[in-house]
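What follows is the residue order along each chain.
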Amino acid sequence: MPHEALVDEIRRFNRFYTGLVGLLDETLMQSPYTLIEARVLFELGRRPRTAGGRAGFLARMFDLDLAPVASELASELRLAPAYLLRVLRKFTAMGLAEMRGGPEGGLPVLSLTSRGEAALADLEAATDRDLARLIAKLGGEEALALSDALSRVSRLLETARR
């Protein structure tokens, strides 16, 4: 298959899937979060982020030195650091995330608060419900075929990325 045809097919699938699960809606799964915000919540819930470097006095006083965390996470998610910094500041203002002192006086750590963990749990539950509804009519063999296809696509694209 020529690469141009494969590119067209991948783009067609992307349009189909993003429409199917509502990724282009202003918010994700009828939540107050965009797709990027939901992904950042997930990443912070997966593991707290250590702030590299030493913050200035005012930043330490008000726990505002999120730039090192934003830079690391932005690189992982392939987002603009300034945009991610705005998301992180929004989360801290909403009480979803906070900078805490690191273990044994180490570097500060950005992590979800209990309110942030509850928001993430709600978002994950809604996503699970929506995806379960999406695949509810698949029989056992169809579900297995879908699972195999998803695994195969992931392996092929990972190989192509290297």
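For the structure itself, look to the data block above.
Quantities reported herein were computed from a predicted structural model and do not represent experimental measurements.

**Overview of the sheet that holds strand 1 (residues 49-50)**
- The strand order across the open sheet formed by 3 strands is 1-3-2, and the pairing between neighbours is antiparallel. Each of the sheet's edge strands pairs with one partner strand only, and the pair in question is strand 1 and strand 2 (97-100).
- Where strand 1 lies against strand 3 (residues 109-112), 2 bridges are found, and the strand directions are antiparallel. By the bridge assignment for strand 3, R49 is matched with L110.
- In this fold helix 2 (residues 35-46) packs onto strand 1, strand 2 and strand 3, with an angle of close to 110 degrees to the strand it touches most, strand 3.

**Describing the pairing of strand 3**
- Where burial is concerned, the two faces of strand 3 agree: the one with V109 and S111 and the one with L110 and L112 are both buried.
- Pairing analysis gives 4 bridges linking strand 2 to strand 3, with the strands arranged antiparallel. Following the sheet pairing, E98 is matched in strand 3 by S111.

Conventions we followed
- Residues numbered from 1 in each chain as written.
- Predicted model: local features only at pLDDT ≥ 70, side-chain atom pairs only at ≥ 80, totals over all residues.
- Heavy atoms only, no water.
- Pairing = 2+ DSSP bridges.
- Helix = DSSP H or I, 4+ residues; strand = E, 2+ residues; numbered from the N terminus.
- Contact = heavy atoms within 4.5 Å.
- Axes fitted to C-alpha atoms, helices over the stretch in contact; angles between N-to-C directions.
- Buried < 20%, exposed > 50% of the residue type's maximum accessible area, 1.4 Å probe, protein only.

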